[in-house]
Structure formats: C-alpha cells, structure tokens
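Each chain is listed here by its residues.
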Amino acid sequence: MAGRGAGAKEETTTEELSVGKLLGIALQLALVLAVVHTFGIAAGRGLNELTVLIFVGFLAHALAPARLRLPIFLVVSLVGFALVLGVFHAAILVGLGLSLIGICHLPLPHLARCLLLVVAGAVLAVVRSPAITTEWETRVMPILGGIFMFRLMIYMYDLRNEPAGVTLWQRLGYFFLLPNVILPLFPIVDYRAYLRSLKNPDRLAVYHRGVELLLRGSVHTLLYRIIYQELSMPTASIQDLGSLVLFMVSSYTLYLRVSGLFHIVIGMLCLFGYDLPKTMDNYFLAGGFNDLWRRMNIYWKDFMMKLFYYPLFMRLRKKGPTMALVVSTVFVFYASWGLHTYQTWWVSGYLRVTAMDGWFWTIFAAAVLTNTLLEAKFGRRRAPIKQRRIPIGIALVRSLKTVGMFIAMCSIWSFWIGESPSDFFSLLAQAGNSGPMEFVWLVLGIAGVVAIGVVGQIAFSLGLRVHPVTYAGKTGYTLATTAGLLLLSATVLQREDTHRYLAAVMKEGLNQRDQELMIRGYYEDILVDRSLLGEIADAQSERPATWLDLDQTDAVRRTGDLLDLELRPDYEIEFKESLLHTNRWGMRDKDYSREKPAGTFRIGLLGGSIELGSGLEDGDVYSALVEELLGEGFEILNFAVPGYSLIEAVVSNERKALDFDLDVCIYATHFPGLNIVTSNLRALVENEVPLVYEELEAVVRKARLEPGMSAQQVTRALRPKNREWPMKDLLAWGYGRIVEDCRARGVVPVWLLVPLPEDQQSTPGIDVMRRIAKEAGFLTLELTHTAVYGDRDPESLVLRPWDRHPNAEASRLLADALHGILLENSEALGLDPSGAR
Amino acid sequence: MTDTIEEIQAATKGYIMKEFLPGEDADELSAATPLLSGGILDSISTVKLIGFLEDKYKVEFAAHEVSEDHIDSLEAIAALVQEKLSAG
C-alpha cells in the first residue's frame, strides 16, 4: 500500500484505474460484505441495511470522474441516513446539521460564532435530556451528537488557519459521513487529517485498505462475541485464581468491540477514497502507558493533543518545559474524563459522574505522567527507521514490557468496571482460594507468552510477516479469510452440537449476565460512559425516558420494612405503555373478596415483576390467563410485586396471602432467583432495615454482611467457594417458613420454576434451590424452557429490546404450560372446586 | 544572515538524530521522511524539537503549527522556520 499522503504523484484517473484490480477489490468487498451480513456484524446498529448501498456506492464512486466523487459520497451518506433512520428523521438530522454548519460560517467574528454554537449546543443538550422525550429525539439526537459533538470543535479550531481551496462538498462531507449513522460513538476524525486523506493519489490502495479494515473490524467483532458470550462473567462468580485471571483478561479484551467498530467505520470511509490514519494500532502490544496512549483510540489522543495539550503547553512553556509538560499532561486526562461524560450525554442522554471513573482517569494520568517524565529525562527507544535483526536481549525486554502492560491494563480495566476500590481488592483476594500449583501454572503461562513474544519479534525483524504486505498477499488473505468464515457459517455453525465457543461467533445480543441485569432493571446503574459501546447500552439506546420501572412511579409506596415497597390499592397507571390496575387489596388483579366464595378453588401466586406482568395489559398477565383456562370455580390471586423475591414472599404470604383463604399457594421463582434474593438482602443490610426473623439475622451474621459491601462481595459471602453457603440457610429458612405457614392454614405450598424467554441454560444455583424446596416440603413444579417456548426466537418473546420481560405472547405460552402442569398435578394439588375447603 | 533551507534542515536533522535516533543511520532520515505520521516524533519529542528550534532561531511557533501539516518532515520544518525568519 502506498504511504498516506505520499509524494506528488498525479491522481489516478478513472481511465487509469486497472479494471482488473478494481474488479478484484470489488469481489473482495462483496465477500467481506457477505461476511458482515451473514454474521450480522453491527446488525443491531443498522449495518445490514447498508451493505448493498456500500457496494453500489463504492462502484459508483470508484468509476466516477474526480469532480463527482465527493457529491456521490454525500448522496450515498444521505441515502444511508434515510435507510437506517427513515426519511423523516434523516431530514431532521440533516436540517439541524446544516444549521450548525451554517453558524460556523456566519459573517461574524470567530469568537461570536463559537459563542453562538455554544448556545445552539446548549439548546440541543436540553432537547437531549430525559425530560424531553420524542421519537425523533431518541432516534436523531445520538447521531447528531455523534457527528457534531467533537467535530464542530475541531472545525472551528481549524477554520482560522484553513488551507485555501476547500470546497463546499468537502465541508459537508466532513460532517455527513456515512458510517456515523451506525455509530454515534464515532472516532473523532480530525478536519485537517480529513482534508489530507483526500490527497492520496493511489486510489486502488486506499480502496483495498478499506476492504482490509472492514474485514479486520469484522474479525475483531467475532472475537469479541466469543469473549462476551462465553468468557465474560459476573464478578460474583470469581472464586479462585483461574476465574480471576479469566475475568480480568476478558474485561480488557472486550475492548475488541470498540476497535472492531472503529476499523469498520474507517474501512467504510476508505472505500470512498478517504485515506484516514489508523484508529488503533495493535494496542494489546503496547509496551508502556505512553505507548498505549499512542496506540489505543489514536483519534482521541490526536484530538486531545491538538485542542488541549499543545495549546496549553505552548502557553506555559516559557515557565519551564517540565512544568508545562506536567500541567498539560494532567489536564489532558482530566479533560478526557470530562469529555467522556459530555459524550455520554449526547449518545445516551445520561450524565453520569462516578467515583470509579475519577479513579480510572487519575491512575491513567499518573501512569502516563510518570512515563512521560521518564521519557523526557532519559529518552525513548524508537523503532529503527530501517528494519534489522533485533538482539534477543532487546526482544526479551520488549516482550516483558508488553506482557507487563497487558497485565496492568487488565487490572486497571477490572478495577474500573467494579463498584468501588474495595470491591476490586476483594476480587483480588479470591486468588487466595487457589493452591500453589495454580500460581505456578499462571507464572508458566506468562513466561510462555513472553517467550512467544521474543520469538515473534526476532522472526518479524528477519522479515517474516504475519500480515501480508503485497497486493497479492493481502488479496489472498482476504479471500481465504472471508471464504473460511462463510464456509464455517454454512457448515459447522449450522450444527446443533457445534462447540459453544465457536457457536458464540453467530450470537449478537446480551449474554446471560446482562439479560439478568436487564430483567432486574439495573441497566441505569451500569449505563455509564465506559459501557457506551456495550451490549446493554445498545439495547437501552432506544429506550424512551418514559419507560420506567414500577418503583419509579406512584403506583408503589414504600413500607420501610422487609417488603421495601407494595402496590397502592385501587390505583390505575399507564405503565410501560400498558394499563395497570390494582384492586382494593393492592394486588394487580380483579377485586376478589377476602372470603372465598363457596365452591371456589383458590390459588395464591407469590412472585416478582414476571408474575406481575410487567409491561402487559391486565388481561395478559399469565395468572389471569391460567384462571381463564381453568374455568369457572377457580381463582388465582396475584400477590406479585416487582422486585419481590424470597424474603418478601415470606412476609407477603404471612401478612396478606394467607388471609385470603387459599387452597394452594404458589411461590414462583426463576433462574436468576438467587441473584435477586442476594440483591434484596444486600439492600436490607445496606439500609439497616430490621430483619425481624432470627434466622435471617443468623444468615447475615454467618455471611458477615455489613453496609457498604458491593453486590459482588455480598454474593461471594453468601455463596463462597469451598465452604458451606449461608445462602442455603437463607433458602431453608424462607422455604421452610412458607411451607410451615401454608400447612398451618391447610394450604398446599408449591414451588414453581418459571423459565424466561432467554433462559437457555440452567444456572448453578438452581439445583440447590430445587433440593432445598423439596426438603422443605414444597410440591415442586418446573416449567421447562422447551415445554413453554419450544424453538421460538427469544427476541420475539420479550417486551422490547431494552426490556427483557416476557411479552404478551410469552405470557400466553407460560399460561398454557402452567395450566397443563397444574392439571397434571391436580391430584397432589387437590385441584377441584367442588372439593375445595 | 538568515540560514538557508538546507542549513535549517541539517541542524534539525542533527538534533533529531542525536536526541531521538541515536545509533541510527543518518542516511535513512531524508528531507521527506514523515516525522509525526511516521512515528519518529511523539508528543514529548515534538515539544522538545519545538523548544530547540525556538531557541536556536529565536522564532515562536503557534500551537496550531505543531501538527502534521507543518512539521511532518525536515523540509516542512525548514520551510516554516525560514518563513518565520523572513517575516522577522
């Protein structure tokens, strides 16, 4: 590939383009786009809708005369916006964008234009706030923010010293870049770099680079999926050195998603002749913090250097270069933190400033500053201009530095995504559960990686390359990789017994852990800037601000005790775009009498948001549907409240349900059941709520729970490795109490496992729950995922992409299955209205 | 008397070779070798180089000039310095 900005060669004209090579590149592009389509790369972001446009646009652009290429790119971009956003929203986006660009060119002094832009930005920021929610705002503002939030700053900065001859098409093209519509969190393209990128005369090389980057981005995305779906784990399940190492490595390597998307974005731009610089440069191979700063998200680094570092340094340099260096470096990192928060606002509509972000940026700033001062004093060994054989000593030092840096970043990243510093240290302490051999294996593993690094460097310096450098080599690599991936998708990945690690490359969407978080409504807590490109952020991106959890509405009232909250009686509310009514008893149900009518068989249902029918109409709640299916003489009273789990079920059963003359009491639980019990107990301890029950207090004492512990710490305390679980005591108490209370009133206690649409596999705690429920004396009933949902697509059975509760269809399927299992067990349940007590 | 382009290039090259590329073959660093985009100069070495040029030629650089557009090669640096010298 020709170097960027190379020499003064005349631009390749259309006639001079080698038709053979262009067709070859077009063929490679078609194959890469087929991979993108087949594997659904960034499909959730709309890339699938753009594949045909990209291909056709590329050909039109490549074959057009020079004067038409920029207009063609602009047209392709606008069509792309319309395809993904719809014509109406695309028109709003372009209209607002043109207005902002117009302000940049008003016949006013530069400062006045800047101030006007600040005012316009402030108005748009208010529109972006969660208080104002319209469909167009949700769809358009993240993209508008993605286009203008940083590029306007650079544009205004460069406008003062702009080279002559910049055309209107170039100006418009700088803002309306096609891939922006799939990625609001866009690499910050520098205006001057953008203008330079149009000057590379070797168009074929630029197009070829575009194909390569698209493929590289796709491969990064597939690797990311394996890590996200199969290796990434909740911190609570880390209980030894092995799982700790896996967690730390997977936390950092999830960044492949960002690099994948950034490569795809720049690759798309290269296909239209923009020879932009790299956005990432083998960041996992960084040998120090400064090196990482130069390799990871290079556009961000360049932006910060240009607008903040150099101006500040140049201003301060007369006061001493070291002082200028220190102040400028530290300022850049704290400004980065601030700008990440600013970016979060535009992309997600949330403004989050967390202590962990502060820690992260402080640690990173301190590390880079130390590195900077050392480099300023002692210099830095640079890559030689001319490649020559590297001595083994130097290769060893570099390899050690790289591995050390990787370990450092895995640690910092794991620290960052934790809830608090103490959470991270408690995580590290889990390594103490492992024996010496595990540490020996870890050291050997690290030594092995270092050795591979040494061999790799020497081989590289001798001229051996992993990445091909010639046109033919690159073409061969692209053809082989795309053909291999397409073959894989058509053969191995179609088989049901494909290894799950391999099958994970086809999965787009939430992993098990994030599905649970979404069910529990915890997304807001984790939707901070560091997860803007995470799967949950993706799913939440279209969630309207009016889509609240029930505990954020007036439909509930706080009790200040073990229940925490309960439903208000006789209340009506539009909840998640459906109507929710409560009866005089504070139940989402019909207005039953407290006394059971004669000849009626009455079932009580204890549960949480699934049983309440979160987001469903009253008539679609599964308990209501089962009541209908059972027919006359049967009543199912729904005592469910969102967030309720075992402890609340015990209290609710004693305080309310058993007063309704039940024949059967069903306690419904789910695969994430243990996690919700854990989370609720943590909240009780945190808020120092009186625990009332001696057994519950004993559990808290045994697990040594106390206020201030993170969710992960509480989970590990309740379910420690290699020790008896205090959680088992909690289950034994809760289950035993429900059974005992029911039996005292002659009620049949039933433990019911209800699968959710996305529960594809059992969770480790479920066997424990089932065994203890049986020992406690419950009649245990289980609805299996297959029996309820068959092979239905889980995505078609959840409320919305941002809310994974069962939808009306799933509720109907649940009702059918529950009705069936109740009839199957009618004898054990005494299911007969005529014989009801 | 004002330094010629060639003299400025030679002085700049000497400084870069001594400070940032010790032991390298000076012939490998041509007048057109990309310095910033080629990774020879990073932020620290860039500000050091600017300091050297400002001290030696008694000129002042503006922040926007510390960029690939102005100082990406020896020839670009020399041209910029000479322009500043000529402007007085």
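**Description of the overall build of chain A**
Right, so step 1: Across its full length, chain A holds 35 helices and 11 strands.
Right, so step 2: Here the C-alpha radius of gyration of chain A, 30 Å, is about what a compact globule of 837 residues would show, namely 28 Å.
Right, so step 3: Its C-alpha atoms give chain A principal-axis dimensions of roughly 95 × 60 × 60 Å.
Right, so step 4: The burial tally for chain A puts 44% of its 837 residues in the buried class.
Right, so step 5: A fraction of 76% describes how many contacts in chain A between residues 6 or more apart in sequence connect residues 24 or more apart.

**As for the overall build of chain B**
Right, so step 1: Looking only at helices and strands, one finds four helices and zero strands in chain B.
Right, so step 2: Computed over its C-alpha atoms, the radius of gyration of chain B comes to 12 Å, within 12% of the 12 Å expected for a compact globule of 88 residues.
Right, so step 3: Overall, chain B is about 35 × 25 × 20 Å in size when its C-alpha atoms are taken along their principal axes.
Right, so step 4: Looking at chain B residue by residue over its 88 residues, the buried ones come to 35%.
Right, so step 5: Of the contacts made within chain B by residues no fewer than 6 positions apart, 63% connect residues no fewer than 24 positions apart.

**A closer look at the interface of chain A and chain B**
One frequently used descriptor of interface size is the decrease in accessible area upon assembly of the parts.
Right, so step 1: Taken together, the 22 residues of chain A in the interface contact 20 residues of chain B.
Right, so step 2: Among the secondary structure elements, those contributing two or more residues to the side of chain A that touches chain B are helix H14 (298-316) and helix H16 (355-378) of chain A.
Right, so step 3: Sort the elements by how many residues they give to the side of chain A that touches chain B and H14(A) lands first, with seven residues.
Right, so step 4: Looking at the side of chain A that touches chain B residue by residue, the classes come out as 12 nonpolar, two polar and eight charged.

**Considerations on the sheet that holds strand E8 (residues 748-753) of chain A**
All names here are of chain A.
Right, so step 1: Taken in spatial order, the five strands of this open sheet run E6-E5-E7-E8-E9, and their pairing is parallel. Whereas interior strands pair on both sides, the edge strands pair on one side only; in this sheet they are strand E6 (634-638) and strand E9 (779-782). On average, adjacent strands in this sheet sit at an angle of 25° to one another, irrespective of strand direction.

**Let's talk about unusual backbone geometry**
Residues and elements named next belong to chain A.
Right, so step 1: The phi dihedral of Asp661 is positive, around 55°, even though this residue is not glycine.
Right, so step 2: On the secondary structure map, Asp661 appears in the loop between helix H27 (646-655) and strand E7 (664-669).
Right, so step 3: With a phi angle near 55°, Arg704 is a residue other than glycine that sits in the positive phi range.
Right, so step 4: If you trace the backbone, Arg704 turns up in the loop between helix H29 (694-703) and helix H30 (711-718).
Right, so step 5: Exposure remark for Arg704: the 10 C-beta atoms within 10 Å place this residue in the exposed category.

**A look at helix H1 (residues 5-19) of chain B**
Residues and elements named next belong to chain B.
Right, so step 1: With 15 residues, H1 extends 21 Å between its outermost C-alpha atoms, agreeing within 8% with the 21 Å of an ideal straight helix rising 1.5 Å per residue.
Right, so step 2: Here H1 has its buried residues at Ile8, Gln9, Thr12 and Ile16. The buried side chains of H1 occupy one side of the element, clustering within an arc of 100° when seen end-on. Pointing more than 90 degrees away from the buried face of H1 are the exposed residues Glu6, Glu7, Gly14 and Lys18.
Right, so step 3: Each element contacted by the buried residues of H1 is listed here: helix H2 (43-57) and helix H4 (74-87).

**Notes on the confidence of the model for chain B**
Right, so step 1: Overall, the predicted model of chain B reaches an average pLDDT of 90, with 97% of residues at or above 70.
Right, so step 2: Confidence estimates for the predicted assembly give a pTM of 0.80 and an ipTM of 0.92.

**Some details on the domain arrangement of chain A**
Right, so step 1: For chain A, the assigned domains read domain 1 (64-199) and domain 2 (599-835).
Right, so step 2: Taking only C-alpha atoms, the centre of domain 1 of chain A and the centre of domain 2 of chain A are 51 Å apart.

**Some details on the packing of H1(B) against H2(B)**
Residue and element names in this part refer to chain B.
Right, so step 1: Running from N to C, H1 and H2 point in directions that differ by 140°, and their axes come no closer than 11 Å. The angle between the axes of H1 and H2 places the two elements in the oblique class. The hand of the H1/H2 crossing is right-handed. Facing H1, whose interface residues are Ala11, Tyr15, Ile16 and Glu19, H2 presents Lys48, Leu49, Phe52 and Lys56.

**Focus: the nonpolar core**
Residue and element names in this part refer to chain A.
Right, so step 1: Counting 143 residues, the largest nonpolar core has Val32, Val265, Met268, Leu269, Cys270 and Leu292 as its most contacted members.
Right, so step 2: If you tally residues by element for this core, the top one is helix H10 (residues 203-231), at 11 residues.
Right, so step 3: Once residues within four sequence positions are removed from consideration, Leu292 is found in contact with Tyr283, Ala286, Met405 and Met409.
Right, so step 4: Ranked by size, the runner-up nonpolar core spans 89 residues in total, among them Leu567, Leu606, Ala703 and Trp751.

**Some words on helix H15 (residues 321-348) of chain A**
Residue and element names in this part refer to chain A.
Right, so step 1: If you check H15, its first and last C-alpha atoms are 40 Å apart, about what 28 residues at 1.5 Å a residue would give, namely 40 Å.
Right, so step 2: Listed in full, the buried residues belonging to H15 are Ala324, Leu325, Ser328, Thr329, Val332, Phe333, Leu339, Gln343, Thr344, Trp346, Val347 and Ser348.
Right, so step 3: In the stretch just after H15, Gly349 is the one whose phi turns positive, near 85°.

**Structural notes on the packing of helix H2 (residues 47-63) of chain A against helix H3 (residues 66-85) of chain A**
Residue and element names in this part refer to chain A.
Right, so step 1: Two elements in contact, H2 and H3, have axes separated by 10 Å at closest approach and are oriented at 170°. Judged by the angle between their axes, H2 and H3 are roughly antiparallel. Taken together, the residues of H3 that come into contact with H2 (itself represented by Glu49, Leu50, Leu53, Gly57, Ala60 and His61) are Arg69, Ile72, Phe73, Val76, Val79, Gly80, Leu83 and Val84.
Right, so step 2: Tallied by class, the residues present in the contact of H2 with H3 amount to nine nonpolar, three polar and two charged.

**Topic: the confidence of the model for chain A**
Residues and elements named next belong to chain A.
Right, so step 1: Here chain A averages 88 in pLDDT, while 91% of its residues score no lower than 70.
Right, so step 2: When the criterion is pLDDT under 50, residues 1-11 qualifies, and its contacts beyond four places in sequence or with other chains add up to 19 contacts.
Right, so step 3: Under a pLDDT of 50 for its full length, residues 521-530 has, in the predicted model, 25 contacts with residues more than four places off or in other chains.

**Focus: the pairing of strand E4 (residues 578-581) of chain A**
Right, so step 1: Where strand E3 (residues 572-575) of chain A and E4(A) come together, four bridges link them in antiparallel fashion. Counted as the bridge partner of Phe575(A) is Ser578(A) from E4(A).

**Quick notes on the environment of Arg792(A)**
Right, so step 1: With respect to the helices and strands, Arg792(A) occurs in the loop between helix H33 (785-789) and strand E10 (798-800).
Right, so step 2: Between the alpha carbons of Arg792(A) and Pro757(A) there is a distance of 8.6 Å; along the sequence they are 35 residues apart.

Parameters at a glance
- Here the residue index of a chain counts from 1 through its sequence in written order.
- Written order decides the labels, with chains lettered from A and ligands numbered from 1.
- With pLDDT at 70 or above as the cut-off, local features in this predicted model cover only qualifying residues; side-chain atom pairs require 80 or more to be listed or tallied, and sums for whole chains, interfaces and linings still use all residues.
- Secondary structure elements are defined from DSSP: runs of H or I of at least 4 residues count as helices, runs of E of at least 2 residues count as strands, and each element is numbered from the N terminus.
- We compute the radius of gyration from the C-alpha atoms alone; for a globule the expected value is 2.2 Å times N to the 0.38, where N is the number of residues.
- Labels follow a simple rule on C-beta atoms placed from the backbone: if 20 or more others lie within 10 Å of a residue's own, it is buried; if 12 or fewer, it is exposed; otherwise it is partly exposed.
- It is the C-beta atoms, placed from the backbone, that decide contacts: two residues are in contact if theirs lie within 7 Å.
- As a working rule, the residues Ala, Val, Leu, Ile, Met, Phe, Trp, Tyr, Cys and Pro are called nonpolar, Asp, Glu, Lys and Arg charged, and the rest polar, with Gly in that last group.
- Strands are labelled as partners when DSSP assigns at least two bridges between them.
- Under this scheme, a helix contributes an axis fitted over its contacting stretch, all axes are lines through C-alpha atoms, and angles between N-to-C directions fall in the 0 to 180 degree range.
- Multiply 1.5 Å by the residue count of a helix minus one, and that product is the helix's expected span.
- Read the arc as the range of directions from the helix axis to the C-beta atoms.
- Scored from 0 to 100, pLDDT records how confident the predictor is in each individual residue.
- Start and end points for every domain follow an automatic or database-based domain assignment.
- Roughly parallel covers angles under 35 degrees, roughly antiparallel covers those over 145, roughly perpendicular covers 65 to 115, and oblique covers all other angles.
- Left-handed describes a crossing in which the near helix is turned anticlockwise from the far one by less than a right angle; the clockwise case is right-handed.
- For this analysis, nonpolar core means a set of buried Ala, Val, Leu, Ile, Met, Phe, Trp, Tyr and Cys residues linked through C-beta atoms within 7 Å.

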